[in-house]
Amino acid sequence: MVSLKTQIAGFSFDNCLMNAAGVACMTVEELEAVRQSSAGTFITKTATLTPRQGNPEPRYHDVPLGSINSMGLPNQGIDYYLDYLLTLQESHPQRAFFLSLVGMSPDETHMLLKKVQNSGFNGITELNLSCPNVPGKPQIAYDFETTERILSEAFAYFDKPLGIKLPPYFDIVHFDQAAEVFNRHPLKFVNCVNSIGNGMYIEDESVVIRPKNGFGGIGGQYIKPTTLANVHAFYQRLDPSIQIIGTGGVYSGRDALEHILCGASMVQIGTALHQQGVGIFERVSLELKAIMAQKGYEKLEDFKGKLKYLA
Ligand code: SIN
């Protein structure tokens, strides 16, 4: 029997596929659709302390090989997602879910994390250190000093399962430097990667999204090679207690298999989920299981991280 079962932070999931934060997760209705699909779990839209409208529309555009977005962290505020998760804990105590959050400043991030710490939430928290779309706010994880400071301060009081969502890195030295920072902290996972920040797509003679005069995060097929490199680079460098979640360019079972070969323990679907809806989880699961069966793999551990190199 081929199984897609996996574990993150000691929690078990029947399926290693789930949504990426930002897609199908803004409202309880969207989250319920993911929960009731074949996905192993869901993650909420990155929450801030108070609700945000986000950037002006149009702020998302499907393009031939993926998507471009500059949403600007629209969300319902932390209380909305926490309330829903606490309700779910009562009704579905056997399942674990992910809560994504980040503040508009380090102080706000700590207020959010303290709120989670002091709540009854017993799932997994993902700190988003990589949103490229809030004007004037850089992607935090490109600044290793700030990242180190936030993590040191957070782990002084936060003792629930915590991971971080990373932007893509593009240089081997940056993989080394980032891994050195992450290895100092009791992180449960890193999630590679958020969109490739500040790309541009042009139709006729115009950009296609309004915010930032067209600069936006790129997702979808464009980013799979970058994603796979990041998943594998951190799989090679991080302490085995820090797991990898792979996000980026997953449309098929084959794509998911490549993430797992590179070392991912969980695989998130973003752009393709936005384009195809929650039915994608069933299709990608079936495709992944079929490839695993063909190769004689029964479980993810049979091939996780076992990427082959040329001699
Ligand atoms: C956004 O809301 O701008 C996208 C979220 C992200 O890239 O972290």
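Residues numbered from 1 in each chain as written. Predicted model: local features only at pLDDT ≥ 70, side-chain atom pairs only at ≥ 80, totals over all residues. Heavy atoms only, no water.

Spatially, β3-β15-β14-β9-β8-β7-β6 is the arrangement adopted by the seven strands of the open sheet, whose pairing is parallel. Unpaired on one side and paired on the other, β3 (17-19) and β6 (98-101) mark the two borders of the sheet. Strand-to-strand twist of the sheet, defined as the mean angle between neighbouring strand axes without regard to direction, takes the value 25°. The pairing of β6 with strand β7 (residues 124-128) spans four bridges and is classified as parallel. (Pairing = 2+ DSSP bridges. Helix = DSSP H or I, 4+ residues; strand = E, 2+ residues; numbered from the N terminus. Axes fitted to C-alpha atoms, helices over the stretch in contact; angles between N-to-C directions.)

All right, on to the packing of aromatic side chains then. Enumeration according to the criterion identifies 11 aromatic pairs in this entry. With a centroid separation of 5.8 Å and an interplanar angle of 45°, the aromatic rings of Phe182 and Phe234 are classed as tilted. In this pair, Phe182 is assigned in helix α5 (residues 172-182) and Phe234 in helix α6 (residues 224-237), connecting sequence segments 52 residues apart. Phe182 gets classed as buried once you look at its relative accessible area, which sits at 1%. An aromatic cluster of at least three residues, connected via ring pairs, comprises Tyr142, Phe144, Tyr169, Phe175, Phe182 and Phe234. Its end group placed over the ring of Tyr157, Lys114 keeps NZ or CZ at 4.8 Å from the ring centre. (Phe/Tyr/Trp six-rings, centres within 6.5 Å; stacked < 30°, edge-to-face > 60°. Buried < 20%, exposed > 50% of the residue type's maximum accessible area, 1.4 Å probe, protein only. Lys NZ or Arg CZ within 6 Å of the ring centre and 35° of its normal.)

Attention shifts here to the sheet that holds strand β13 (residues 216-220). Taken together, the four strands give an open sheet; going across it, the order is β4-β5-β13-β10, and neighbouring strands pair in antiparallel fashion. The sheet is open, and its two borders are formed by β4 (60-63) and β10 (196-199), each paired with just one other strand. Taking the axes of each pair of neighbouring strands and ignoring which way they run, one obtains an average angle of 30° across the sheet. For β4 and strand β5 (residues 66-69), the ladder comprises four bridges, and the chain directions are antiparallel. Note on β5: the bridge partner recorded for Tyr60 is Asn69.

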